[in-house]
Amino acid sequence: MKVLQLGKFYPVRGGVEKVMYDLMTGLASRGIDCDMMCAESSGRGNKNRLSPHSRLLTYRTWVKAAATTISPSMPVSLRKIAGNYDIIHVHHPDPMAALALFVSGYKGKVVLHWHADIVKQKKLLRFYLPLQSWLLKRADAIVGTTEDYIKQSPYLEQVRHKTVCVPIGISPITPDEAGAAKIRAQYPGKKIVFFLGRLIAYKGVEHLVAAAQLPDNYVVLIGGEGALEEVLKQQIAKLGLGEKVKMCGRIPDADVPAYYTACDLLCLPSVMQTEAFGIVQIEAMSLGKPVVATRIPGSGTAWVNAHKESGLNVKVRDSEALARAIKEITEDPVKYAGYCAGAKNRFNRLFKLDSMITGCENIYRSLLK
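Notes on the structure follow. Here the residue numbering is sequential within each chain, running from 1 through the sequence in written order. Only residues with pLDDT of at least 70 are given local features in this predicted model, and only at 80 or more are side-chain atom pairs given and counted; all residues enter the totals for whole chains, interfaces and linings. Side-chain calculation: all heavy atoms of the structure are included, whereas hydrogens and water are not.

Turning next to the nonpolar core. Within the largest apolar cluster, 87 residues are counted, with the highest numbers of intra-cluster contacts made by Phe 194, Tyr 260 and Ile 282. Secondary structure is summarised from DSSP: a helix means a run of H or I of at least four residues, a strand means a run of E of at least two, and numbering begins at the N terminus for each. Element by element, the count of residues in this core is highest for helix α14 (residues 353-367), at 7 residues. For this analysis, residues touch if any pair of their heavy atoms sits within 4.5 Å. When residues no more than four places from it in sequence are discounted, the contact partners of Tyr 260 are Ile 173, Phe 194, Leu 196, Leu 266, Val 280, Glu 283, Ala 284, Leu 287 and Lys 289. Counting 35 residues, the second-largest nonpolar core is a separate cluster that includes Tyr 85, Tyr 106, Ala 116 and Ala 276. Grouping buried Ala, Val, Leu, Ile, Met, Phe, Trp, Tyr and Cys residues that are joined through side-chain atoms within 4.5 Å yields what is termed a nonpolar core. The rule is simple: take the accessible area with a 1.4 Å probe, protein chains only, and divide by the maximum for that residue type; under 20% is buried, over 50% is exposed, in between is partly exposed.

Below you can see the structure in the form of structure tokens.
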């Protein structure tokens with residue numbers, strides 16, 4: 001069996017790319033030939049053999065517009081090599097990947113991984129919709145990351161008969177107690193609320209900042225960078241929250257485990273369906289850290305964070321509700337311990353990397369029978 005993961009860009013920054021990369025390396029570790037093809041965020045592209053069973057094929061990005069990479073050499077290359085693969089696993093949303101598959105003339109089996117609907121780029125969607133419709137029809141199997149998203153996406157309504165739920169899985173975060181101790185030492189006696197993600201509109205970070213008018217024994221650490229960084233700094237200054245909200249900037253990958261280890265809970269205040277899953281939730285849960293998230297209409301985030309099991313879910317754009325949920329989880333030590341155990345148990349039950357890889361491998365094998 002030879003598989004190609006086809007989708008977004010490299011290096012890995014977001015959830016879609018992480019799922020692609022983890023599937024490639026995970027399948028290869030099982031002796032299954034699996035390559036990954038995508039545009040490269042910067043540089044001229046490369047072809048690297050990562051193991052005897054995997055290659056990373058990246059192509060130069062000419063321009064990036066509406067969150068879409070334009071890489072003309074990618075479809076040209078796919079047309080040449082598509083016939084080498086038994087299965088092409090295309091990750092949506094990525095118009096470039098869909099176009100590459102369309103022009104490749106590929107006749108084999110196609111698995112479509114539906115990470116999210118296109119929500120924000122309305123103008124792009126008008127042009128992309130015919131290609132998206134073709135992709136949904138062309139796919140032999142469709143993978144959704146949560147049952148909730150599969151049920152609620154209007155685009156999946158006519159293809160649910162060939163849609164399977166395979167939750168995203170990750171390797172558990174390795175605790176970094178030494179790094180965590182250094183972070184806690186900066187905020188002695190404080191309960192630490194942690195956010196990690198891009199500082200962009202759909203993440204709703206401004207509502208977490210507003211929620212930070214908490215008792216003095218709380219501090220909110222915001223990790224990430226993005227277009228709204230200056231706006232958030234101005235909001236913090238205006239509300240007089242400089243001692244209670246700390247902008248940490250982009251946290252290096254090597255330091256992320258220390259922040260998860262140090263925090264008391266993770267908050268994901270996202271406000272749009274673009275946040276379809278929220279991998280940071282399961283990263284925190286892997287360390288037994290509870291989550292406060294939002295009930296986004298049409299999204300699967302509130303399914304990932306089971307209400308009153310691994311944490312609490314509140315109404316979107318409601319800073320007061322976020323603050324109440326943070327306090328409800330953390331103020332009672334017995335209740336807090338229960339949420340910690342619930343988060344860890346839910347991760348072990350549903351979100352392990354091996355489970356995701358097995359789920360996709362089973363789909364591949366069923367298609368090739």
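Below, the discussion takes up the packing of aromatic side chains. Ring pairs shown here join Phe, Tyr and Trp side chains whose ring centres sit within 6.5 Å, with only the six-membered ring taken for Trp; geometry is labelled stacked below 30 degrees between planes, edge-to-face above 60, and tilted in between. All told, the structure shown has 6 aromatic pairs when counted by the stated rule. Centre to centre, the rings of Phe 102 and Trp 134 are 5.0 Å apart; their planes meet at 90°, and the pair counts as edge-to-face. Here Trp 134 lies in helix α4 (residues 122-138) and Phe 102 lies in helix α3 (residues 95-104), a separation of 32 residues in the sequence. Judged by its relative accessible area of 25%, Trp 134 falls in the partly exposed class. Relative to Tyr 260, the ring of Phe 194 has its centre 5.5 Å away and its plane inclined at 85°; by these criteria the two rings are edge-to-face. Here Tyr 260 lies in helix α9 (residues 256-262) and Phe 194 lies in strand β11 (residues 191-196), a separation of 66 residues in the sequence. Given a relative accessible area of 0%, Phe 194 falls into the buried group. The structure contains a cluster of three or more aromatic residues connected by ring pairs, namely Phe 194, Tyr 259 and Tyr 260. For a ring to carry a charge above it, either NZ of a lysine or CZ of an arginine must fall within 6 Å of the ring centroid while also lying within 35 degrees of the normal to the ring plane. Residue placement shows Arg 346 over the ring face of Trp 303; its charged tip is 5.1 Å from the ring centre.

DSSP bridges decide pairing: two strands pair if at least two such bridges lie between them. Taken in spatial order, the 6 strands of this open sheet run β13-β12-β11-β14-β15-β16, and their pairing is parallel. The sheet terminates laterally at β13 (245-249) and β16 (311-315), the two strands that pair on one side only. Across this sheet, the average inter-strand angle for adjacent strands is 25°, counted without regard to direction. Relative to β13, strand β12 (residues 218-223) runs parallel, the two sharing 4 bridges. The residue bridging Ile 222 from the neighbouring strand is Met 247, located in β13. In this analysis, axes come from line fits to C-alpha atoms, helices being fitted only over the stretch in contact, and the angle between any two N-to-C directions falls in the range 0 to 180 degrees. Helix α12 (residues 319-330) contacts β11, β12, β14 (265-268), β15 (291-295) and β16 of the sheet and is inclined by roughly 165° relative to β16.

The next thing to look at is the packing of helix α2 (residues 73-81) against α3. The geometry of α2 relative to α3 is characterised by a closest axis approach of 8 Å and an angle of 40° between their N-to-C directions. Of the possible angle classes, the one that applies to α2 and α3 is oblique. Viewed along their axes, α2 and α3 form a crossing whose handedness is right-handed. Residue-level contacts link Met 74, Pro 75, Leu 78 and Arg 79 of α2 to Met 96, Ala 97, Ala 100, Leu 101, Val 103 and Ser 104 of α3. A class-by-class count of the residues in the contact of α2 with α3 yields 8 nonpolar, 1 polar and 1 charged. An angle below 35 degrees is read as roughly parallel, one above 145 as roughly antiparallel, one from 65 to 115 as roughly perpendicular, and any other as oblique. In this scheme the crossing of two helices becomes right-handed for a clockwise turn of the near helix relative to the far one and left-handed for an anticlockwise turn of less than a right angle. Asp, Glu, Lys and Arg are counted as charged, while Ala, Val, Leu, Ile, Met, Phe, Trp, Tyr, Cys and Pro are counted as nonpolar; the rest, among them Gly, fall into the polar class.

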